[in-house]
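Report on the structure
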Amino acid sequence: MIWDWEFAISILPEILRGLGVTLLAVFWGMTIALSLGLVWATARRSTNRLVAWPVACFVEFVRSTPLLVQIFFLFYVLPSLGLTLSPLLAGVVALGIHYSCYTSEVYRAGINAVPRGQWEAARALSFSRWESYRYVILPQAIPPIIPALGNYVIAMFKDAPLLSAITVLEILQRAKIIGNETFRYLEPFTVVGVIFLILSLLSGLLLTRLERRLKLVSA
Amino acid sequence: MPPPIDLLPSLMDGLRRTLVIAAGGSVLAIAFALLAGLGCLSRDPIVRTVARVYIEVFRGTSALVQLFWFYFALPILLGLRLDAMLVGVLVLGLNIGAYGAEVVRSAIESVPAGQVQAAAALSMNRWQTMRYIVLPQAILLMLPPFGNLLIELLKSTALVSMITVTDLTRAGLFLRDDTLRTAEVFGMLLLIYFSLSLMITAVMRGLERWLSHGQDYGGRQ
């Protein structure tokens, strides 16, 4: 028998500890992505071209280059600027910045979908730009895009194993270490794959239900 | 500071491998996407299930985990060692193909039902309907999302550096160890990947214009 159940079960606690690190990275990475993404989206709508243009270029650049190289860039280049981040922190920041450029497009679509009249109404109430966003535009723009943002949570979860490249002890790195120590690669990597599959399918199902709920609310 | 052009020659070999993997992966991805996308719409429940399982498994797990599994775990099952480069092409093709299958499926489903009925009225069979009526219209809808997927594939080629393939990224890591010019090396890598992405975008735009030639939008209601 090639597959050893006993071995597969014995490595489960170690792999689940790695999963904890992965989920932690996704949580903080997504926190950064959601906040920065909103900043990019509003900056791109700015009437000041000196703000809108560089942000648009930055977003396009980050979206068109590999996350892995960006992770290396942050991890190896920042120390030479006098800012040394722990591997986990560098990875979280890389994930956050990379995905902020994707969420910014989602925010942009949401904001664009708010009817013009809402801006005009806010203006008629002499709201400032900030107040219009805060009290009129965003409360209408964000609920419809929650499912799309949720998809990026799942996408980030699937990209989090890239942090193993800078020695973060996340789920894939732990599986690799187990493999290197025991010379058994089949069980650790299969267990990791199955965990990913289960979690992605579950969160996909949750998202579909959430989407249906949101549609009912808005209808 | 002058641009670090002198770094380029040492990256060329890696760039060549990255291009080979991206090209091979793209061909495989398009083939898998068409097969699985059409498979989802098949009348045979077994074909439908196989296509569905393939799509869910490859979309549901991480591309890097898939690479590791095919490179480290699969050889144990098969009893033979696989070439890392080959694994890279195969896994990226399978991974992006699974995402592409959903694109193919939704594009075919969004061709108006009247088109299929019109084909039936002309007594075309299923294959002819697909070949001459549905696909030519569906392909136009597939192109923009496929362009994005090809850029995703190009970016994913960087992952093969982690299963020992000396692609552009890994060549950059070696070059950094040799020269210690960290910022320049990684900046150069980002610029090269960015230019390649721009090229894919340009080619896809051209393809779109070429394929939509003669489309009679005025005829639509």
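Above this text is the structure in question.
With that out of the way, let us pick up the overall build of chain B. Helices and strands together make up the secondary structure of chain B, namely eight helices and zero strands. Element order for chain B, N to C, with α for helix and β for strand: α-α-α-α-α-α-α-α. Across the 221 residues that make up chain B, the buried fraction comes to 47%. Taking as baseline every contact in chain B between residues at least 6 positions apart, the subset at least 24 positions apart corresponds to 75%. Put simply, chain B shows about 11,200 Å² of open surface, and 65% of that area lies on carbon and sulfur atoms. Averaging the locations of the 17 positively and 14 negatively charged side chains of chain B gives two centres separated by 7 Å.

Turning next to the packing of helix α1 (residues 8-40) of chain B against helix α4 (residues 84-109) of chain B. Pairs of packed helices are described in terms of their axes, by the angle between the two and the distance that separates them. All names here are of chain B. Here α1 crosses α4 at 40°, and the two axes come no closer than 5 Å. Of the possible angle classes, the one that applies to α1 and α4 is oblique. In this structure, the crossing between α1 and α4 has a hand that is right-handed. Within the contact of α1 with α4, the residues separate by chemical class into 19 nonpolar, seven polar and two charged.

Glancing now at the pattern of salt bridges. Applying the stated criterion across every chain yields a total of 17 salt bridges over all chains. As a salt-bridge pair, R184(A) and E187(A) come within 2.7 Å of each other at their nearest N and O atoms. When its relative accessible area of 1% is taken as the criterion, E187(A) is described as buried. One salt-bridge network, in which partners are shared between bridges, spans R52(B), E56(B), R59(B), E102(B), R105(B) and E109(B).

Okay, the packing of aromatic side chains next. Counted under the stated rule, the structure contains 24 aromatic pairs over all chains. Where F75(A) meets Y76(A), the ring centres are 5.1 Å apart and the plane angle is 65°; that geometry is what we call edge-to-face. A centroid spacing of 5.2 Å and a plane angle of 85° characterise the contact between W119(A) and Y133(A), whose relative ring orientation is edge-to-face. Separated by 14 residues along the polypeptide, W119(A) in helix α6 (residues 116-124) and Y133(A) in helix α7 (residues 129-159) bring together distant segments of the chain. The burial state of W119(A) is the same as that of Y133(A); both residues are buried. Within the aromatic cluster, the residues linked to one another by ring pairs are Y185(A), F189(A), F68(B), Y71(B) and F72(B). In this structure, R81(B) is placed above the aromatic ring of Y71(B), and the distance from its NZ or CZ to the ring centre is 5.3 Å. Of note, R176(B) hangs over the ring of Y76(A), and the distance from its end group to the ring centre comes to 4.0 Å.

What counts, and at which threshold
- All residue numbers refer to positions counted from 1 along the written sequence of the respective chain.
- Both sets of labels track the order of writing: A upward for chains, 1 upward for ligands.
- Only residues with pLDDT of at least 70 get local features here, since the model is predicted, and only at 80 or more are side-chain atom pairs given and counted; chain-wide, interface and lining totals rely on the full set of residues.
- No hydrogens and no water enter the side-chain calculation; it runs on all heavy atoms of the structure.
- Numbering of helices and strands starts at the N terminus; helices are DSSP runs of H or I of at least 4 residues and strands are runs of E of at least 2.
- Working definition: with a 1.4 Å probe on protein chains only, accessible area under 20% of the residue-type maximum means buried, over 50% means exposed, and in between means partly exposed.
- We call two residues in contact when some of their heavy atoms are within 4.5 Å.
- Surface exposure here means Shrake-Rupley accessible area, sampled with a 1.4 Å probe, where a residue is shielded only by the protein chains that are shown.
- The convention is simple: Lys and Arg are positive, Asp and Glu are negative, and His and the chain ends are not counted.
- Where a charge lies is defined by one atom per residue type, namely NZ (Lys), CZ (Arg), CG (Asp) and CD (Glu).
- For helices, the fitted line uses only the C-alpha atoms of the stretch in contact; every axis is such a line through C-alpha atoms, and the angle between N-to-C directions lies from 0 to 180 degrees.
- An angle counts as roughly parallel when it lies under 35 degrees, as roughly antiparallel when it exceeds 145, as roughly perpendicular when it falls between 65 and 115, and as oblique in every other case.
- Helix crossings are classified by the rotation of the near helix relative to the far one: an anticlockwise turn of less than a right angle makes the crossing left-handed, while a clockwise turn makes it right-handed.
- Three classes are used, and their members are as follows: Ala, Val, Leu, Ile, Met, Phe, Trp, Tyr, Cys and Pro are nonpolar, Asp, Glu, Lys and Arg are charged, and the others, Gly among them, are polar.
- Throughout this description, the term salt bridge denotes a Lys or Arg side-chain nitrogen within 4 Å of a carboxyl oxygen of Asp or Glu.
- Ring pairs are drawn from Phe, Tyr and Trp, using the six-membered ring of Trp, whenever the two centres fall within 6.5 Å, and their geometry is named by plane angle: stacked under 30 degrees, edge-to-face over 60, tilted for the rest.
- Here, a charge over a ring is recorded when the distance from Lys NZ or Arg CZ to the ring centre is within 6 Å and its angle to the ring normal is within 35 degrees.

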